[in-house]
Amino acid sequence: MAWADGLREAEVEPSLYAADFARLGEQIEQLLGAGARVFHYDVGDGHFVEPITIGPIVLESISGPIHRLGGAIDCHLMTETPQKHFGAIAAAGGDSVTVHFEACDDLPAVARVAREQGLQVGLAFKPETNVADVVAEADGFDLVLCMSIEPGYSGQPFMPEAFDRIRRLRELLPPEQHIQVDGGVGADNIRQVHEAGADLLVAGSAIFAKDDLTRAYRRLVQALA
């Protein structure tokens, strides 16, 4: 599934970093049944961000079932030299890679490497990074990811100042370029985030911290309606 194909007006992306890994396959199946179609997959290297998170081995174990049921896996690489991992992620079944503005010296070259591996590609940036600087480098990327928390740890509260950054992105980017928001998105703010200009809405704790994942996911979808 390519980012440009089959996306709804707004997609709620369950963030698998927040999942219960003892029940990962079961929880993914529940969310696919509830209507989820794009899953967010965070990779942290212990350098660009402090935590070491999941990688291609876990990705390979879940990509088959997700693809068979019509889903896609959006991989957010919170890593230094992210292009080193593109081949392994593509082989493991990832559909896209999002790299950090702050981690790459030559962003056009990084995007080309992703395309050569058959991957869609996104550009992420931290809260303190200037929006105009990111937009100047965003040509050739399918999406721009505005972090609404400091990247690295799940469960942080949404930074309200992110609304202005999202609105600024939507003003400056072409309409076909997707805007993704990751961090602290929940039922109380997801509609505001979408109205500010985001169409890819990553939700971790707002789904996986709840007892009923189906209900939690659908509550977010309903809050967008």
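Look a little higher up for the structure.
Attention here is on the structure that accompanies the text.

**Re the pairing of strand β6 (residues 143-147)**
Then, in step 1: For β6, a buried count of 5 out of 5 residues is recorded, marking the element as mostly surrounded by other parts of the structure.
Then, in step 2: Of the two faces of β6, both are covered, the one formed by Leu143, Leu145 and Met147 as well as the one formed by Val144 and Cys146.
Then, in step 3: Pairing of strand β5 (residues 120-125) with β6, which is carried by 4 bridges, proceeds in the parallel orientation. Counted as the bridge partner of Gly122 is Leu143 from β6.

**Comments concerning the side chain of Asp95**
Then, in step 1: Tracing the backbone through its elements, the reader meets Asp95 in the loop between α3 (86-92) and β4 (96-100).
Then, in step 2: An unpaired buried charge is present at Asp95: no salt bridge exists, and Arg37, the closest side chain of opposite charge, is 12 Å distant.
Then, in step 3: For Asp95, the side chain forms a polar contact with the side chain of His67, separated by 2.8 Å.

**Describing helix α6 (residues 162-172)**
Then, in step 1: Buried within α6 are the following residues: Ala162, Phe163, Arg165, Ile166 and Leu169. The arc enclosing the buried residues of α6, seen along the axis, measures out at 165°, which places them on a common side. When the buried face of α6 is taken as reference, the exposed residues oriented beyond 90 degrees from it are Asp164 and Glu171.
Then, in step 2: Along its buried surface, α6 packs onto β5, α5 (131-136), β6, β7 (178-182) and α7 (190-196).

So, how was this worked out
- Residues numbered from 1 in each chain as written.
- Predicted model: local features only at pLDDT ≥ 70, side-chain atom pairs only at ≥ 80, totals over all residues.
- Heavy atoms only, no water.
- Buried < 20%, exposed > 50% of the residue type's maximum accessible area, 1.4 Å probe, protein only.
- Helix = DSSP H or I, 4+ residues; strand = E, 2+ residues; numbered from the N terminus.
- Pairing = 2+ DSSP bridges.
- Lys, Arg positive; Asp, Glu negative; His and termini not counted.
- Salt bridge = Lys/Arg side-chain N within 4 Å of Asp/Glu carboxyl O.
- Polar contact = N/O pair within 3.5 Å; in protein donor to acceptor, adjacent residues only side chain to side chain.
- Arc of directions from axis to C-beta.
- Contact = heavy atoms within 4.5 Å.

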